[in-house]
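Each chain, letter by letter, is given below.
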Amino acid sequence: MQSFSQKVIVITGGSSGIGNALVAESLRRGARVATCGRNLQKLRASFPNSDPSSLLLAETDVRDEGACAAFIQSVIDQWGGIDVLINNAGISMRALFADSQLSVLREVMDINFWGAVQCTKYALPHLLKTKGVVVGISSIAGYRGLPGRTGYSASKFALQGFLEALRTELLHSGTHVMWVSPGFTASNIRNVARAADGSSQGETPLDEGGLMSAETCATRILDAVAARKRTVVMTGQGKLTVWLNKLFPAFTDTQVYNHFKKEPGSPLR
Ligand SMILES: NC(=O)c1ccc[n+]([C@@H]2O[C@H](COP(=O)([O-])OP(=O)(O)OC[C@H]3O[C@@H](n4cnc5c(N)ncnc54)[C@H](OP(=O)(O)O)[C@@H]3O)[C@@H](O)[C@H]2O)c1
């Protein structure tokens, strides 16, 4: 376990799932951690015994640029710098594009893409001073468009394009930029995924108990941050999908279609 003793780690979306596990694991590794979510009470309930000298909780909607700026400023006011920013906050969707209201795609882009861009913008001057690390929590959907997730796939492609360009801009700065693409991980993401009308779908089509745990996912993300990896595709299924899509894109269209058509309640017809 690599130590992050006294490092300041900012993690968006800490109230649930992977973000929640990232906060817990970062604290275990000795870091001072700032995290946010849209509801302060929910955040506090997620960390009932938190020590305010090492955990800063902020009610922040990452869609709101001013709120992102204020969140980052609160970290600087408390600890004077930032070593790692993990852009984790995200939502998903499950509906065909033909059926979806455009507001669904806008909401997904506003959180998954713009939320990350805004937090990175305000944290970057501080990360340049510490020669720190900017991290994006992407997805296999950032390499391979997934049916029923047009907005989600677009948001993760956009995130990866943004981070790759930023990494190149910062090549000689000492500040590192990376992204991690978990496979299916047990969390709340599928329960709250947006349906065609923008409501939460309210259930998961997967057996969450059979997926990678958020704790395992968080451990692997922090190991990758400590090693300053460029990108991590976390599961064998993910690696295979990325590789097949590069070499045999038409074949992969069929495979991906067939896979997602089998999901319970699949919108594919
Ligand atoms: N689980 C998977 O299978 C999987 C696979 C690949 C990638 N990912 C990625 O992993 C990241 C975390 O997802 P998860 O699976 O852990 O989902 P989750 O359990 O639903 O957690 C999402 C977190 O994001 C926060 N969030 C959502 N909208 C926000 C907003 N507007 N402002 C601030 N915070 C917001 C949520 O907090 P509030 O609701 O309290 O605001 C929550 O803490 C996402 O970027 C997702 O795309 C997940």
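Just so we're clear, the structure is a prediction, and the values are computed from it rather than from any experiment.

Engineer: I'd love a proper account of the pattern of salt bridges, names of residues and values included.
Structural biologist: In total, this model carries eleven salt bridges according to the counting rule given. Here Arg 94 and Glu 263 are joined by a salt bridge, their closest N and O atoms 2.7 Å apart. You can see Arg 94 sitting in the loop between β4 (84-87) and α4 (102-130) and its partner Glu 263 sitting in the segment after α8 (249-261), a full 169 residues away along the chain. In this pair, the class of Arg 94 matches that of Glu 263, namely buried. For Arg 190, the salt bridge goes to Glu 208, with nearest N and O atoms at 2.7 Å. Here the residue Arg 190 occupies a position in the loop between β6 (176-181) and α6 (214-226), and Glu 208 occupies one in the loop between β6 and α6, the gap between them amounting to 18 residues. A relative accessible area of 10% places Arg 190 in the buried class. For Glu 208, a relative accessible area of 15% puts it in the buried group.

Engineer: I'd like to hear about the packing of α4 against helix α5 (residues 150-169), residue by residue, with values.
Structural biologist: Packing of α4 against α5 brings their axes to within 7 Å, and their N-to-C directions diverge by 20°. With respect to their mutual orientation, α4 and α5 come out roughly parallel. Taken as a pair, α4 and α5 cross one another with a handedness that is right-handed. Residue-level contacts link Leu 105, Val 108, Met 109, Asn 112, Phe 113, Ala 116, Val 117, Thr 120 and Leu 124 of α4 to Thr 150, Gly 151, Tyr 152, Ala 154, Ser 155, Lys 156, Ala 158, Leu 159, Phe 162 and Leu 166 of α5. When its residues are assigned to classes, the contact of α4 with α5 shows 13 nonpolar, five polar and one charged.

Cut-offs and rules
- Residues numbered from 1 in each chain as written.
- Predicted model: local features only at pLDDT ≥ 70, side-chain atom pairs only at ≥ 80, totals over all residues.
- Heavy atoms only, no water.
- Salt bridge = Lys/Arg side-chain N within 4 Å of Asp/Glu carboxyl O.
- Helix = DSSP H or I, 4+ residues; strand = E, 2+ residues; numbered from the N terminus.
- Buried < 20%, exposed > 50% of the residue type's maximum accessible area, 1.4 Å probe, protein only.
- Axes fitted to C-alpha atoms, helices over the stretch in contact; angles between N-to-C directions.
- Parallel < 35°, antiparallel > 145°, perpendicular 65-115°, else oblique.
- Left-handed = near helix turned anticlockwise from the far one by under 90°.
- Contact = heavy atoms within 4.5 Å.
- Nonpolar A, V, L, I, M, F, W, Y, C, P; charged D, E, K, R; others polar.

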